[in-house]
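Descriptive analysis of the structure
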Amino acid sequence: MKKSLLFPLLIPLLVFAAVKGYFWYQVKRFVDQVVVQAAPFVDIQYDSIETSFAGHAGINNVRIYPLGSNDFVKIGSIRVLSDNWLYFIKLGTPFDEGDLPHELGFEVNGIVINLGAEIANQLVEQSVGLNESFPGCEKSELQGIELLQKLGYSSLTSDIKMSYLFSPESEYLTVRTEVATEDSASMEISSDIDLGISSLERAQLTQLIPRLGGIDISYRDDSFIQKKIAYCAEINGETVPSFIDRHVELTAEQYRQLGFVFSDSLVEGYRQFLTAGGEARIVVSTPEPIGMQEVMMKSPDEHLKSLNVHLEVNGKPITPVELTWDQPASGFQNGQSQQDDIVVGENRNETSSGQSASSASSDSEAGIASGLDTQASVSLPEQPKMTYETTSINDLKNYLGSQVQIDTHNGHRIEGEIVKVLASRLELRRRVGSGLIEMPVVFDHILRVKVLR
């Protein structure tokens, strides 16, 4: 009698154990498929699998070995999170119809990179912003791992989280990315996207037309920028405040050369961010969501003028925030053919003055020829003509000290003397007002470059 009463009580436990076991099996099957697919490139090892009916699944104590290397990247855990654990059960089964849950996230926690390892160099080179130019610090040629080690880092420990949340009522998808590196910096980016559909079922996913509704970006410097500023000030023989002032002026000039027009309050906000040690947040919204069609039909300046921008530095609003883009009236921007400029000596006048000089030179030569008492034709020595000739970015290192003309992707022309060519940029010496400045130009911004020969 007692056994017959006990058996019904065991049924829920048996069902729970079966479902839990199948849940674990589904996750392991998926992970093993990923390991096999990655095998031609890396060897992935892990210690354990975790599953939870709270809606997450993943693997712990992960090691990733690139083929041919004894070095590895250590990861504490890799997890996928959802508002519905049944999503994991259906993956790869006949019940998987390609539908997505309303909430889904992906976490990579405790990524440890030893900067002394061979693999570190490849990973650090891909780090956003690490190898970008830092105006005012041109005396330093350190980049990547060498720069990090100079700043006192021997390893990097980071967390990466990506997730989305879908609201069927508003048809908005909020996408969030968080990246944090211990004792360095952290960034959060959140964007709202109007999908134009009421569910994430496969049938509707094929019909979505995404439109951007707004974006929220927060950045906190825990020590990286402050260490870099101190390093740059030291190699330039400056105090930290004086380097910050010079760096801010150079940075503002760099963006003005690219065509951006902005208020002094924006410049001072950047100065406060560097001086007071570092939190900044920018929130950009639009009156109506912007789709690809609107992006193609409007100019960048029109988009900038239509945006609502809120900026905070160290918790305090920066006002007013005025930002526009001044589109230049250059030949190639307006679809006209743009010929190489001809320069004689140091004379760099435009076409009209060049024609006048040519005309005056012809008249002078005619006068001299008519005054000669000879019937033989006299040929005067020609002045050597120096022209700007197009060259490739890869060849710029051969032209240190040369004058160049750089056309940027947004239609601006920058002229100056090459003083340094680095991995991702060059440094130009330019005359601004009555003085000279050195400014960086990132290769990614360059449409074409010409060297004076």
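Placed above this text is the structure.
Residues numbered from 1 in each chain as written. Predicted model: local features only at pLDDT ≥ 70, side-chain atom pairs only at ≥ 80, totals over all residues. Heavy atoms only, no water.

Helix and strand content of the chain: eleven helices and 21 strands. Residues counted as buried form 34% of the 453 residues belonging to the chain. Excluding contacts between residues fewer than 6 apart, the proportion of contacts in the chain whose partners are at least 24 apart in sequence is 61%. Only carbon and sulfur atoms are counted for the fraction: they give 55% of the accessible area of the chain, which is about 26600 Å². (Helix = DSSP H or I, 4+ residues; strand = E, 2+ residues; numbered from the N terminus. Buried < 20%, exposed > 50% of the residue type's maximum accessible area, 1.4 Å probe, protein only. Contact = heavy atoms within 4.5 Å. Areas by Shrake-Rupley, 256 points an atom, 1.4 Å probe, with all protein chains shown as cover.)

By the definition in use, this model includes one disulfide. The disulfide partner of Cys 137 is Cys 232, and the gap between their sulfur atoms is 2.1 Å. On the sign convention where negative is left-handed, the bridge of Cys 137 and Cys 232, at about -90° about the S-S bond, is left-handed. Linking Cys 137 in the loop between helix H3 (118-125) and helix H4 (144-150) with Cys 232 in helix H6 (residues 224-235), this pair joins segments that are 95 residues apart in sequence. (Disulfide = S-S within 2.5 Å.)

Residue Pro 320 is bonded to the preceding Thr 319 through a cis peptide linkage, with omega at -10°. With respect to the helices and strands, Pro 320 occurs in the loop between strand E13 (316-317) and strand E14 (323-325). At Asp 183, a position not held by glycine, the phi torsion is positive, near 55°. Within the fold, Asp 183 resides in the loop between strand E7 (172-181) and strand E8 (185-194). For Asp 183, a relative accessible area of 42% translates into the label partly exposed.

Let's shift gears to the packing of aromatic side chains. Inspection of the entire model under this criterion finds ten aromatic pairs. Summarising the aromatic geometry, the rings of Tyr 22 and Tyr 25 are spaced 6.3 Å apart at their centres and angled 35° between planes, so their arrangement reads as tilted. Of this pair, Tyr 22 and Tyr 25 both sit in helix H1 (residues 2-38), three residues apart, which is roughly one turn of the helix. On the numbers, 5.9 Å between centres and 25° between planes, the contact of Phe 23 with Phe 88 is stacked. Here Phe 23 is found in helix H1, whereas its partner Phe 88 is found in helix H2 (residues 86-90), with 65 residues between them in sequence. (Phe/Tyr/Trp six-rings, centres within 6.5 Å; stacked < 30°, edge-to-face > 60°.)

What follows covers the packing of H6 against helix H7 (residues 240-257). The contact between H6 and H7 brings their axes to 9 Å, and the two run at 95°. As far as their axial angle goes, H7 and H6 are roughly perpendicular. Taken together, the residues of H7 that come into contact with H6 (itself represented by Ile 229, Ala 230, Cys 232 and Ala 233) are Val 240, Phe 243 and Ile 244. Per-class residue counts for the contact of H6 with H7 are seven nonpolar, no polar and no charged. (Axes fitted to C-alpha atoms, helices over the stretch in contact; angles between N-to-C directions. Parallel < 35°, antiparallel > 145°, perpendicular 65-115°, else oblique. Nonpolar A, V, L, I, M, F, W, Y, C, P; charged D, E, K, R; others polar.)

The topology assignment puts Glu 294 in helix H9 (residues 292-297). For Glu 294, a relative accessible area of 26% translates into the label partly exposed. The spatial distance from the C-alpha of Glu 294 to the C-alpha of Arg 211 is 9.5 Å, given a sequence separation of 83 residues. With near-sequence residues (within four places) excluded, Glu 294 lies in contact with Arg 211, Pro 289 and His 303.

Another point: the nonpolar core. Nonpolar side chains tend to gather and get buried jointly when the protein is soluble and globular. Residues Ile 75, Leu 115, Tyr 153, Ile 229, Phe 243 and Leu 274 are the most contacted members of the largest nonpolar core, which totals 55 residues. For this core, the element with the highest residue contribution is H6, accounting for six residues. Discounting residues that sit within four places of it in the chain, Leu 274 has contacts with Ile 225, Gln 226, Ile 229, Ile 244, His 247 and Val 248. The next biggest cluster of nonpolar side chains, apart from the first, holds 14 residues, and it includes Leu 396, Ile 414, Ile 418 and Val 451. (Core = buried A, V, L, I, M, F, W, Y, C linked by side-chain atoms within 4.5 Å.)

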